[in-house]
Structure formats: C-alpha cells, structure tokens
Amino acid sequence: MDNKRVATLTLDDGRSVEFPILSGTLGSDVIDIKNLAKLGLFTYDPAFFSTASCTSTITFIDGDAGLLYYRGYPIEQLAEHSDFLDVSYLLWNGELPDAAQSAKFKDTVTHHTMVHEQIARFFSGFRRDAHPMAVMVGVGGALSAFYHDSLDINDAEHRRISAMRMLAKVPTIAAMAHKYYTGAPFMYPKNKFSYAENLLYMMFATPTEEYQSNPVLVRALDRILILHADHEQNASTSTVRLAGSSGANPFACIASGIAALWGPAHGGANEAALKMLEEVGDISRVPEYVQGVKDKKYRLMGFGHRVYKNMDPRASVMRQTCHEVLKELKLENSKLFELAMELERVALSDPYFIDHKLYPNVDFYSGIVLRALGIPTNMFTVIFAVARTVGWISQWNEMIAEGDHKIGRPRQLYRGATKRDFVPVGSR
Ligand code: CMC
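A. Geometry of the overall build of the protein. In terms of helices and strands, the protein carries 17 helices and six strands. In terms of overall dimensions, the protein is globule-like: its C-alpha atoms have a radius of gyration of 23 Å, near the 22 Å expected for 428 residues. With the C-alpha coordinates aligned to their principal axes, the bounding extent of the protein is approximately 75 × 65 × 55 Å. By sequence separation, contacts in the protein at least 24 residues apart represent 69% of the contacts at least 6 residues apart. Counting every atom, the protein has about 21,500 Å² of accessible surface; 54% of that belongs to carbon and sulfur.

Structure (structure tokens):
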C-alpha cells in the first residue's frame, strides 16, 4: 500500500529532509513526519486541521464528496438495510455478521443489559437536577469499579468482555439517568425488546402501566444510533484513544469520551440546536436570527462540520427519518418543526451559508426527531453517547490490538516567559 514517494522539507538554514508519503486504501495521502523530532523540530497544528493521528480500518469519511463508510459500507445502505446491533458487530469485528453470528451477538448483548444492583444506589450520590451527561461521565467511569474482573487490556478476551458490557449497559445507565432526573422509578431492561426498543421502554415505561411501543419510532431511534455509531477520529474518539494510550482501563477511557462529547461544538450540538429553535421562537424571527449569524454574533447550531464541506450524508438519512416521524406523529404542522424547516430552507439558499459550505449536519435533524420521540432536551447528547460507545470501544480496541502503540504525547510551541529568577514575596 505504501509507495516510495517522498516529500522534501528544506529549512532556511539549508538543511533538507525527506519524508515518506503514505497512501491508504481511500482518502488523502499523508506525510509521515515521525522523524522530524530527530532534527529538533515539531509541526504546529493545534486543532489538527492537517494531522492524521493514527492508522485505522474502521470508518472512512470524504468530507468534500459527502461520503461516510463503516468498514467500507456506505452509511445510507446500513441505515436502510441493517440495525444498530449488526452495525455494532460490523464496527467491532470488521465484517457484517451472518444470521447465526447476528443472533449470538444480539443474545449476548441482550443478556448483559442489567447493571450491578449497587449502581442504582450509586445514583443517589448525584443531585436530582444533575445534567444526565454529568451522571453518564460519573457512572461510566465507575463501571471499572464494578466490573474489574476483565480489565487486562492486553488480553483480547478481556477487551471483548468489557466492550460487550459497555455496549449492553450504556442504554440502561442512560435511561436510569433520565428516570433519576424526573424522580421516576428505574425500569429494568426487558430481554424481549430490541436494543432501541429497550432504551425507549426503560426511559418511558412505568411499573404501573402496560408499555406499547411504536415501530416507526423504534426504527427512528435505531437509525439515530446507526448514524452516530462512529465517525473516525473526532474529538471524543481521539480523547478515548489518547486516554487509552496511557494504558487506562476501557471504562475510564469511555468516560473521557463521554466528557469530550458533551461540548456544544460536538455531541452537545443536538441539544444546542433545539435550544436555538426555542430561542428563535417564531418563523417571523428567522431573517433577524440568520442576520445575527452572518454578523457573527452566534452560530447556527446543527450547521457546519469540520470535515463535511458538502451535505453530511447522515443528515440526508436523518432528514428522511425526521419527515417519517413527524408524519407518523402528525406533527408536521407544529410550530417548532415548521420553524426548523424554514431555517433549513433559508440556510440552504443564503449565499453566506453556501459560500462557507455550511450545510445542516446530522444533529440538526436528530434533535428534531428526538424531540418528536418525547426525549427531553437534556437527554439528547446522552443518546449520542449511547450510540457512539461502540465506535469508541472499537477504536480503542483497534489501537490496543496493534500492540506497538505508544503513549500519545503532543508537543507545544512555548510562548511563555523566558528564564527568570525567583523574587521573594515582599519584593514583588
Ligand atoms: N454557523 C455560522 N457560521 C459558522 C458555523 C455555524 N454553525 N460553523 C462555521 N461557521 C463559519 C465560521 O464563522 C467561519 O467563518 P469565517 O471563515 O468567515 O470566519 C467558518 O465558518 C469556518 O469556521 P470554523 O470554526 O473554522 O470551522 P470548524 O471546522 O473549526 O468548525 C464546527 C466546525 C462543527 C465546530 C462548526 O461548524 C460549528 O461550530 N457548528 C455548530 C455546532 C455543531 O453543529 N456541531 C455539530 C457537528 S456534527 C456532530 C459531531 O460530529 O459532533
């Protein structure tokens, strides 16, 4: 795969160095600058605009063409024909499961959805009004204290057991975070339900009533989970890899990913997008709000992406799901959804957004769908975290399985004070 092409760097002192150019199976070539430090030099790329941090075989994105593949399969095909647990199998194992493998995998995940009973008591340490993402960071990290019988990261079977536990238990913890916030009793998972259906059941069922799920809504949530399952080296995944590079246990690494996901520029965007719609309030205020975006007073949340400079392929799928759900729930004419569609229309036709290549991203539509499903705004990023857990753990496993990984340790451009001598407090 790698060829003999080189890139030559010539310094102003006359020194010249050659670096190999590496090619992947798809995507941009990369210049292997590993040996630059031997010259006493480092590259400077603070937000990783031009830096590939690892080799991976899991997910491919072409941001200009608007392509997203999991293990080579286009996201649109997976969203149309597969389900979240088969996609999880694909991300973890590299291949889609056959019927027997699929049944076994689903059985394994389904039979590990309950959490240690003491985890329920662990919740009471949180304030009732704690943001569910704060609870997810805390309880996610605490899992390593409950399931420490399989934490040898150099043992592939231990890694698999930890991964399956996380995949199975994260929805249970997410639903518990919601129930705790609302003061309602926790609902134990039910093995007869699919992954997405179980999540809706644990969030919305009560011990006093029969629970009836709606297949259109279950399918919509399953799609949200598929679309958010992995996205190569984004901020939270890179955080998981960096935490994992030190040898930290997988539960702690995933907790670090949940923390990184929380921010409004990343997984918090779906929550921020819904809050923005509520702030705009009425279609009549759209032109004024869009003008504020163009004047750079604030950003249009749910729009723009570091990698996609074309339509986010996940957004195209989510947009269709959004319309299906609104139709099913007869919400097409609700004020909030009309407002969202108007904002989308204006943004897609306004030269500012066209020139800046700002298209709606997946979180613009997923926020609307999640709201239609009755999921409270403070749970939006939690649902994203449930979906991304399999991506994080697959990327972590890939890194550890390589065997020769080193601790991630970026360098810096120091611009602080030069050496100076200590001055006693009375003389300062
Ligand atoms: N609204 C208005 N202007 C924007 C937006 C936006 N949402 N995003 C970028 N811009 C403008 C920005 O002002 C800048 O303009 P100029 O060149 O005139 O100064 C230009 O576009 C480039 O912005 P940037 O900040 O350099 O772009 P970035 O690649 O660092 O940012 C982003 C990517 C996703 C953080 C950004 O687009 C953003 O803040 N979007 C809103 C938050 C959001 O929806 N995030 C979810 C991303 S998808 C889910 C996920 O993967 O987590």
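B. View of the side chain of Arg223. Mapped onto the secondary structure, Arg223 falls in helix H8 (residues 215–227). Here Thr321 takes part through its side chain, which lies 3.3 Å from a polar atom of the side chain of Arg223. In contact with Arg223, not counting residues within four places along its chain, are Ala79, Glu80, Val317, Thr321 and Glu324.

C. Structural context of the site of the ligand. Around the ligand sit 20 residues, and of these His266, Arg299, Leu300, Arg306 and His356 come closest. Within the contact set of the ligand, an oxygen atom lies 2.5 Å away from a side-chain nitrogen or oxygen of His266. Burial of the ligand by the protein chains amounts to 76% of its free accessible area of 940 Å². For the shell around the ligand, the per-class residue count stands at nine nonpolar, seven polar and four charged.

D. Quick look at the packing of H8 against helix H13 (residues 313–328). Packing of H8 against H13 brings their axes to within 10 Å, and their N-to-C directions diverge by 165 degrees. As far as their axial angle goes, H13 and H8 are roughly antiparallel. Of the two elements, H8 crosses H13, and the hand of that crossing is left-handed. Of H13, the residues touching H8 (which contributes Val216, Leu217, Ala220, Arg223, Ile224 and Leu227) are Arg314, Val317, Met318, Thr321, Glu324, Val325 and Glu328. In terms of residue class, the contact of H8 with H13 is made up of eight nonpolar, one polar and four charged.

E. Quick peek at the pattern of salt bridges. By the definition in use, this model includes 21 salt bridges. One salt bridge connects Arg15 with Asp13, and the closest N-O pair in it is separated by 2.8 Å. The class of Asp13 is partly exposed, set by a relative accessible area of 46%. Between Lys106 and Asp83 there is a salt bridge whose closest N-O contact spans 2.7 Å. Of the two residues, Lys106 is situated in helix H3 (residues 99–110) and Asp83 in the loop between helix H1 (75–81) and helix H2 (84–93); the sequence distance between them amounts to 23 residues. By relative accessible area, which is 24% here, Asp83 ends up partly exposed.

F. A look at unusual backbone geometry. Phi at Phe48 is positive, roughly 55 degrees, even though this residue is not glycine. Take Phe48: it is sitting in the loop between strand E3 (30–31) and strand E4 (59–62). For Phe48, a relative accessible area of 51% puts it in the exposed group. One non-glycine residue, Lys330, adopts positive backbone phi at about 55 degrees. Looking at the secondary structure, you find Lys330 in the loop between H13 and helix H14 (335–349). By relative accessible area, Lys330 is classed as exposed at 71%.

G. Representation of the sheet that holds strand E2 (residues 16–22). The strand order across the open sheet formed by three strands is E1-E2-E3, and the pairing between neighbours is antiparallel. The sheet terminates laterally at strand E1 (6–10) and E3, the two strands that pair on one side only.

H. Examining the sheet that holds E4 more closely. Read from one edge of the open sheet, three strands run E4-E5-E6, paired in antiparallel fashion. Each of the sheet's edge strands pairs with one partner strand only, and the pair in question is E4 and strand E6 (73–74). Sheet topology note: the E4/strand E5 (residues 67–70) ladder contains four bridges and is antiparallel. What sits directly across from Ile61, in E5, is Leu68.

Rules used throughout
- Residues numbered from 1 in each chain as written.
- Predicted model: local features only at pLDDT ≥ 70, side-chain atom pairs only at ≥ 80, totals over all residues.
- Heavy atoms only, no water.
- Helix = DSSP H or I, 4+ residues; strand = E, 2+ residues; numbered from the N terminus.
- Rg over C-alpha atoms; globule rule 2.2 N^0.38 Å.
- Contact = heavy atoms within 4.5 Å.
- Areas by Shrake-Rupley, 256 points an atom, 1.4 Å probe, with all protein chains shown as cover.
- Polar contact = N/O pair within 3.5 Å; in protein donor to acceptor, adjacent residues only side chain to side chain.
- Near = heavy atom within 4 Å.
- Nonpolar A, V, L, I, M, F, W, Y, C, P; charged D, E, K, R; others polar.
- Axes fitted to C-alpha atoms, helices over the stretch in contact; angles between N-to-C directions.
- Parallel < 35°, antiparallel > 145°, perpendicular 65-115°, else oblique.
- Left-handed = near helix turned anticlockwise from the far one by under 90°.
- Salt bridge = Lys/Arg side-chain N within 4 Å of Asp/Glu carboxyl O.
- Buried < 20%, exposed > 50% of the residue type's maximum accessible area, 1.4 Å probe, protein only.
- Pairing = 2+ DSSP bridges.

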